[in-house]
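# Analysis of the macromolecular model
Listed here are the chains, written in short residue letters.
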Amino acid sequence: MSTTTLAVLVVGDDPAARARTLASLAAQTIDVTPCAETRSAATTDAPYLALVTAGTTLAPNACERACWFLAASRAAGFVTGRGPDAETSGAPLGALLDFLVVRTSDAHAVLGLEAWQAVGTTAGSVPQLAFVLALALLRAGGVGGWLPEPTITAHAATPARAQADAASRATLTELSLAEAAFVTERHLGLPLQPLQRLAAPVPPSVSARLAKASGLRILALFQGFPMGGYTAFNTDILPRLVARGHAVTVCTTEYWRSDWRLDAVQAATPDVHHAAAVVPLPAIPAYVDHLLSTRAIDVVFMSHSYLGYRLLPLLRARYPDTAFVDYVHTEWFEGHMYGSYSTMSAQWSHYLDAHVVSSEALAASLARDGADPARVQVAHIGIDTRTWNPATEPRAGVRAALGASPSTTLLLFAGRVSPEKRPLLAVDALQRLRAEGHDVRLVVAGGGPLLGDVKARVDALGMTAHVELLGELDESTLRSVYAASDVYFAPSEIEGIARTLFEAMAMGVVPVVSDVGGQRELVVAGTGSLVAPQPGTVDDYLPALRQWMDPKARRGASAAARRHVVTAMDTQRSLAALETAFSAARRRRAEPQAPVEPSLANEVALLALETTRRHVLRASKR
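So, a few notes on the structure that sits alongside this text. Note that residues are indexed from 1 along each chain, following the sequence as it is written. The model is predicted, so local features are restricted to residues of pLDDT at least 70 and side-chain atom pairs to those at 80 or more, both for listing and for counting; the totals for chains, interfaces and linings are taken over all residues. Heavy atoms from the whole structure form the basis of all side-chain values; hydrogens and water molecules are not counted.

## Here we look at the overall build of the chain
Numbering of helices and strands runs from the N terminus; a helix is a DSSP stretch of H or I covering at least four residues, while a strand is a stretch of E covering at least two. Scanning the chain from terminus to terminus reveals 23 helices and 22 strands. Relative to its 622 residues, the chain shows a buried fraction of 60%. Residue contacts are counted whenever heavy atoms from the two residues lie within 4.5 Å of one another. Long-range pairs, those at least 24 residues apart, make up 79% of the contacts in the chain between residues at least 6 apart in sequence. Areas reported here follow the Shrake-Rupley algorithm with a probe of radius 1.4 Å; residue values treat only the protein chains shown as occluding. Total accessible area computed for the chain in this model is approximately 23500 Å², and 54% of it derives from carbon and sulfur atoms. His is not counted here, nor are the chain ends, while Lys and Arg score as positive and Asp and Glu score as negative. Taken as the charge centre is NZ of Lys, CZ of Arg, CG of Asp or CD of Glu, depending on the residue. Computed over 55 positive and 58 negative side-chain charges, the inter-centroid distance for the chain is 2 Å. The rule is simple: take the accessible area with a 1.4 Å probe, protein chains only, and divide by the maximum for that residue type; under 20% is buried, over 50% is exposed, in between is partly exposed.

## Some points on helix 19 (residues 499–506)
Taking burial as the measure, the eight residues of helix 19 include eight buried ones, the bulk of the element. Restricting attention to buried positions, one finds in helix 19 the residues Arg499, Thr500, Leu501, Phe502, Glu503, Ala504, Met505 and Ala506. Against helix 8 (229–243), strand 17 (409–414), helix 18 (475–484), strand 20 (487–490), strand 21 (510–514) and helix 21 (551–568) lie the buried residues of helix 19. Where helix 19 terminates, the next one or two residues include glycine 508, which has phi positive at roughly 75°.

## Here's the deal with the packing of aromatic side chains
Only centres within 6.5 Å qualify two rings of Phe, Tyr or Trp (six-membered ring in Trp) as a pair; their planes then separate them into stacked at under 30 degrees, edge-to-face at over 60, and tilted for everything else. Applying the stated rule across the entire model yields ten aromatic pairs. For the ring pair phenylalanine 222 and tyrosine 230, a centre distance of 6.3 Å and an interplane angle of 70° mean the geometry is edge-to-face. The two residues phenylalanine 222 and tyrosine 230 agree in class, both being buried. Judged by centre distance (5.5 Å) and plane angle (70°), the rings of phenylalanine 301 and phenylalanine 582 are edge-to-face. With phenylalanine 301 in strand 13 (residues 299–303) and phenylalanine 582 in helix 22 (residues 571–589), this pair connects stretches of sequence that are 281 residues apart.

## Quick word on empty space enclosed by the protein
The way it works is a 1 Å grid over only the protein atoms, where trapped points that fit a 1.4 Å probe form a cavity and open points with protein on both sides within 12 Å along at least five of seven lines form a pocket, and then any residue with an atom within 4 Å of a point lines it. Grid points are joined across faces, edges and corners, and a volume is the space filled by probe spheres set on the points. This model, assessed by the stated rule, comprises two cavities of 30 Å³ or more. Empty space within the largest cavity amounts to approximately 390 Å³. Surrounding the largest cavity, 31 residues form its lining, Gly228, Gly229, Tyr230, Lys421 and Glu495 being those nearest its centre. At the level of secondary structure, the elements contributing two or more residues to the lining of the largest cavity comprise helix 8, strand 17, strand 20 and helix 19. The space that makes up the second largest cavity amounts to roughly 140 Å³. In terms of lining residues, the second largest cavity is bounded by 17 residues, among which Met227, Trp260, Arg261, Gly415 and Leu478 are the most central. For the lining of the second largest cavity, the element with the highest residue contribution is helix 19, accounting for three residues. A breakdown of the residues in the lining of the second largest cavity according to their chemical character gives seven nonpolar, six polar and four charged. Think of it as three bins: nonpolar holds Ala, Val, Leu, Ile, Met, Phe, Trp, Tyr, Cys and Pro, charged holds Asp, Glu, Lys and Arg, and polar takes everything else, Gly as well.

## Quick notes on the pairing of strand 19 (residues 467–471)
Pairing geometry for strand 18 (residues 440–445) and strand 19, over four bridges, is parallel. Residue pairing for strand 19: alanine 445 is matched across the bridge by glycine 471. Think of it like this: strands point away, you trace from the first strand over the helix to the second, and a clockwise trace means the crossover is right-handed. Once you follow strand 18 into helix 17 (residues 451–460) and on to strand 19, the crossover reads as right-handed. Two strands qualify as a pair provided that DSSP identifies no fewer than 2 bridges between them.

## Section: the sheet that holds strand 7 (residues 144–150)
Read from one edge of the open sheet, seven strands run 2-1-3-6-5-7-9, paired in mixed fashion. Two strands close off the open sheet at either side, each with one partner strand: strand 2 (33–34) and strand 9 (183–184). Sheet topology note: the strand 1 (residues 6–11)/strand 3 (residues 48–53) ladder contains six bridges and is parallel. Across the sheet, valine 10 pairs through a bridge with valine 52, a residue of strand 3. Its contacts with the sheet place helix 1 (residues 15–26) against strand 1, strand 2 and strand 3, and it is angled at close to 160° to strand 1. What counts as an axis is a line fitted to C-alpha atoms, over the stretch in contact for a helix, and the angles between N-to-C directions run from 0 to 180 degrees.

## Considerations on the pattern of salt bridges
The working definition used for a salt bridge is a side-chain nitrogen of Lys or Arg within 4 Å of a carboxyl oxygen of Asp or Glu. Within the structure shown, the criterion is met by 37 salt bridges. Here aspartate 486 ties to arginine 399 by a salt bridge, and the two come within 3.0 Å at their closest N and O atoms. Pair noted here: aspartate 486 is in the loop between helix 18 and strand 20 and arginine 399 is in helix 15 (residues 396–401), with a separation of 87 residues, a long-range link. Of the two residues, aspartate 486 and arginine 399, neither departs from the other in class, the shared state being buried. Note that arginine 499 is salt-bridged to glutamate 503, the shortest N-O span being 2.9 Å. Taken together, the residues arginine 499 and glutamate 503, both in helix 19 and four residues apart, mark about one turn of the helix. For arginine 499, a relative accessible area of 4% puts it in the buried group. Judged by its relative accessible area of 2%, glutamate 503 falls in the buried class.

Now the structure itself:
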């Protein structure tokens, strides 16, 4: 019986380069076994074999993802993945030379055991061995696969690696073969035909290296990491949970953007997985199941995951002792796709041990929709008011850079530039205020599907000289922009409580926002203005905006806004509320629960996958 799932042949003799690679392998999320005299690539009984060029370093879960890719994509002959230079599947040679994972039986079959015996434990005489193996597999009909998420963190940079690159490219020229022939992304593509069954790949029997934990083992099951307040909260709270002693594994389940502010999470936990970038859609439930079983999860913490809700019966049947908790940010989201996450949460309340919501308004909404109020915990999004502090940011210099004089009112629209946020009203308001004689400029900090429409409206109204379109900003730059601003304008049609509203008020920026969701829990008397969201014309918001054009009027509201956030909405309160919900959920798990019918659970999961398939295909106009 195999004692390891993945054997690794580190290709190259350079001691320093090998040491870097071996250190990277020691930090993988699963146990891997580097080849040695007692167990070479020729004699290993591991089902998978990786070739890693000496000097290469890997993302912490690269080996785990590669093994799962091959387990779930039987048509793939081998797999490699994206490196630090954002390589694509159309030009994979550099990645392929540095990191290649195959089924060991295939490697032995196409090159022969004698060849593997000849290369020894370093393959120093054949630096292009990965290319030779991939070419042999390609000729045998095995097209390679591509892991689209970052897989290689540093390429090898040794003379032997340069020699391997030159020799491989010479062979490509000699054979009139294109790099793009080696790998394809189709293994992870969406099927065009309706799904008939869940995939049941034979899971690699990996041994996960569990992170140390003095607290709980948590699986965060999210839709993705798209730009916006949802992700800003998640990327702030997950590192704080790790700092509190909890071990956190992250898995995204949807075909959303997966990298906005992700660095903050990966700095706290390397155990981050984007399931749709590892396995085909029908195998996502199996991959989530794998993470629960190998990480000894205590609590599944899910948020805005359409698929996650519909996996609850399946996961509940498999893990009856695991607690399941969700966090709902807003009453309505992505209505053209999945509808209300608040309603979803209430509908699946029977399978959840606790609900956490971002506002009292959402708590009331869940109760109206049938959730047990006793299991609903409010945890306002909150914000770290020590970091978000206007006293620590430059104001005058940033204002000058944004074209504002000391007397100019700087109006800020911050966040996702999307239809529900109604960003065009900010441009209309600017034009009207300037026509009335106010010295005001507009700053738009954020990206999204309506950014082009905003620019077109700015041009059409002749406001180009008075508007700064900054696009997406890193958090540090965004804080400086807040510190330079005077009025925060958010005429949203829907919100829970906007994360950007917490940011603005913490930075002393006076808010003019729609009275939707739980916004009135933050914008209390004397801190800014709430405006009825309907009918939603610029005329509805202008009276409040005019009020705050006066610097004297703003001064008291600015101080009051920050004071309210500091005293009542700091992120430490949110963290404590989450931990309280986790504890309550685990206590409920100890109570007798009704059994879940496995066949029904499978059917619910299958229908969710099919709905996901159709929505993604529709969104891509296929």
